[in-house]
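Reading the structure
Spelled out from the first residue to the last, the chains are:
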Amino acid sequence: MEEIIKIITNMSGKYAPTLIFDDFVKMVAISLSNSTDIIHNKVWKNRESQYKTIVSKYTKEEFQNLVKILTLLVNLFNERIYDYLGYIYMKCEMGNSRTGQFFTPFNLSELTAKLSIDNIEKIKQTNDIITLNEPACGGGGLILAYLKILKDNNINYQKRVKIIAQDLDFRSVYMTYIQLSLVGARAKVVQGDTLTKPDIKDENCIFYTPMWKGLL
């Protein structure tokens, strides 16, 4: 993670670290989504246009740095489940006191997730589908913590868990979508106000992980 933070810090100057981070998560989320979409409809074309706009801002060397960040992130997830993007965001001091956007330390997310599981042995003894609904997902830390606990107890969350995650902020949507995609979770991640619009249908605001699409 420290290498990723170093790359973002070294790239800052021309662009603020927050903007680099925002561009990175948006670019990767769009790339993951569009590369696994079979139908290239208006939503796909709109996202593809947004992706090209982001890429055009950066030099070839800067773009390669963003690619390196993604490679490092994938390698981290191959080692263990963790809220890497939330950690990186906070370590780069991008937390926003004005909007109240801070990401919970992962150890606290793990504790909360453990408290939410009534009986892990009972879960292991059944094949029931577990549905997680996270109305204010942030970077997806709490969901990742829940999946980690299941994995640590030899429960295949990729087959057993179905996730609906929503957040008002698109940055959080991108972060959650990337991280749940990289751990192979079956999830639908939605941008919107859960209190006023709990059932959003606008596909421009919805991202489906590759596992949800049946591609893993």
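The following refers to the structure shown. (Residues numbered from 1 in each chain as written. Predicted model: local features only at pLDDT ≥ 70, side-chain atom pairs only at ≥ 80, totals over all residues. Heavy atoms only, no water.)

Before going further, it helps to examine the pairing of strand 1 (residues 130-134). Of the two faces of strand 1, the one holding Ile130, Leu132 and Glu134 is buried and the one holding Thr131 and Asn133 is not buried anywhere. Here strand 1 pairs with strand 2 (residues 161-167) via 5 bridges, running parallel. Its bridge partner being in strand 2, Asn133 is matched across the sheet by Ile164. (Buried < 20%, exposed > 50% of the residue type's maximum accessible area, 1.4 Å probe, protein only. Helix = DSSP H or I, 4+ residues; strand = E, 2+ residues; numbered from the N terminus. Pairing = 2+ DSSP bridges.)

Another aspect to go through is helix 6 (residues 106-116). For helix 6, every residue scored as buried is listed here: Phe106, Ser109, Glu110 and Ala113. Projected onto a plane normal to the axis of helix 6, the buried residues spread over an arc of 100 degrees and lie on a single side. Exposed and oriented more than 90 degrees from the buried face of helix 6 are Asn107 and Leu115. Looking at the packing, one finds that the buried side of helix 6 touches helix 8 (141-152). (Arc of directions from axis to C-beta. Contact = heavy atoms within 4.5 Å.)

Moving on to unusual backbone geometry. Positive phi, normally seen in glycine, also occurs at Asn154, with a value near 60 degrees. Following the sequence through the fold, Asn154 ends up in the loop between helix 8 and helix 9 (157-160). The class for Asn154 is exposed, based on a relative accessible area of 71%.

Counting 61 residues, the largest nonpolar core has Phe21, Leu147, Ile163 and Leu180 as the members making the most contacts within it. Excluding residues within four positions of it along the chain, Leu147 makes contact with Ile81, Tyr157, Val161, Ile163, Leu180, Val183 and Ala185. (Core = buried A, V, L, I, M, F, W, Y, C linked by side-chain atoms within 4.5 Å.)

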